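The lines below spell out each chain.
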Amino acid sequence: MFQAEVLVYLRPSIQDPQGVVIERTLQQLGFADLQKVRTGKYFRLSLAAKNSHDAQKEAERMCRELLANTVIEDYRVEVREA
């Protein structure tokens, strides 16, 4: 059994209106050192793969097919034994 952690985030060239709203609100709350906020999505997947390589490939396939919009988003997958 393997666990995959997936982080999906907007590409740098894509505007992040939700991140802008959070950034402004945090600055209004007094977080003066804050420079920039970018939002994303986090997924934790449990996979019954034969090995970590297969688990990595399966999680990446899930990203390409559903979890990430690869036109505007990038993703990072980290796999470890559960």
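First things first, this report covers the structure right here in the doc. (Residues numbered from 1 in each chain as written. Predicted model: local features only at pLDDT ≥ 70, side-chain atom pairs only at ≥ 80, totals over all residues. Heavy atoms only, no water.)

Below, the discussion takes up the overall build of the chain. The number of helices and strands found in the chain is two helices and three strands. Counting from the amino terminus, the chain carries its helices and strands in the arrangement β-α-β-α-β. In terms of overall dimensions, the chain has C-alpha extents of about 50 × 25 × 15 Å along its principal axes. In the form shown here, the chain has an accessible surface area of approximately 6,000 Å², with 51% of it arising from carbon and sulfur atoms. Treating the 12 positive side-chain charges of the chain as one cloud and the 12 negative ones as another, the clouds have centres 3 Å apart. (Helix = DSSP H or I, 4+ residues; strand = E, 2+ residues; numbered from the N terminus. Areas by Shrake-Rupley, 256 points an atom, 1.4 Å probe, with all protein chains shown as cover. Lys, Arg positive; Asp, Glu negative; His and termini not counted. Charge placed at Lys NZ, Arg CZ, Asp CG, Glu CD.)

The three strands are arranged β2-β1-β3 in an open sheet whose pairing can be described as antiparallel. Looking at the sheet topology across the chains shown, the edges are occupied by β2 (40–47) and β3 (73–81). The mean inter-strand angle of the sheet, taken between neighbouring strand axes irrespective of direction, is 15°. Its contacts with the sheet put helix α2 (residues 52–67) on β1 (2–10), β2 and β3, and the angle it makes with β3 is roughly 150°. (Pairing = 2+ DSSP bridges. Axes fitted to C-alpha atoms, helices over the stretch in contact; angles between N-to-C directions. Contact = heavy atoms within 4.5 Å.)

Attention now moves to the nonpolar core. Phe 2, Ala 4, Val 6, Val 8, Leu 45, Leu 47, Ala 55, Ala 59, Cys 63, Leu 67, Ala 68 and Val 77 together form the largest nonpolar core, which totals 12 residues. Looking at this core, the elements that each hand over two or more residues are β1, β2 and α2. In this structure, Leu 47 is in contact with Met 1, Phe 2, Ala 4, Ala 55, Ala 59 and Met 62, ignoring residues within four places of it in sequence. (Core = buried A, V, L, I, M, F, W, Y, C linked by side-chain atoms within 4.5 Å. Buried < 20%, exposed > 50% of the residue type's maximum accessible area, 1.4 Å probe, protein only.)

Glancing now at α2. With 16 residues, α2 should cover 22 Å at 1.5 Å per step; its first-to-last C-alpha distance of 20 Å lies more than 12% under that length. All of the buried residues in α2 are Ala 55, Ala 59, Cys 63 and Leu 67. Buried residues along α2 cover an arc of 80° about the axis, so they all sit on one side. Of the residues in α2, the exposed ones pointing more than 90 degrees away from the buried face are His 53 and Glu 65. (Expected span 1.5 Å × (residues − 1). Arc of directions from axis to C-beta.)

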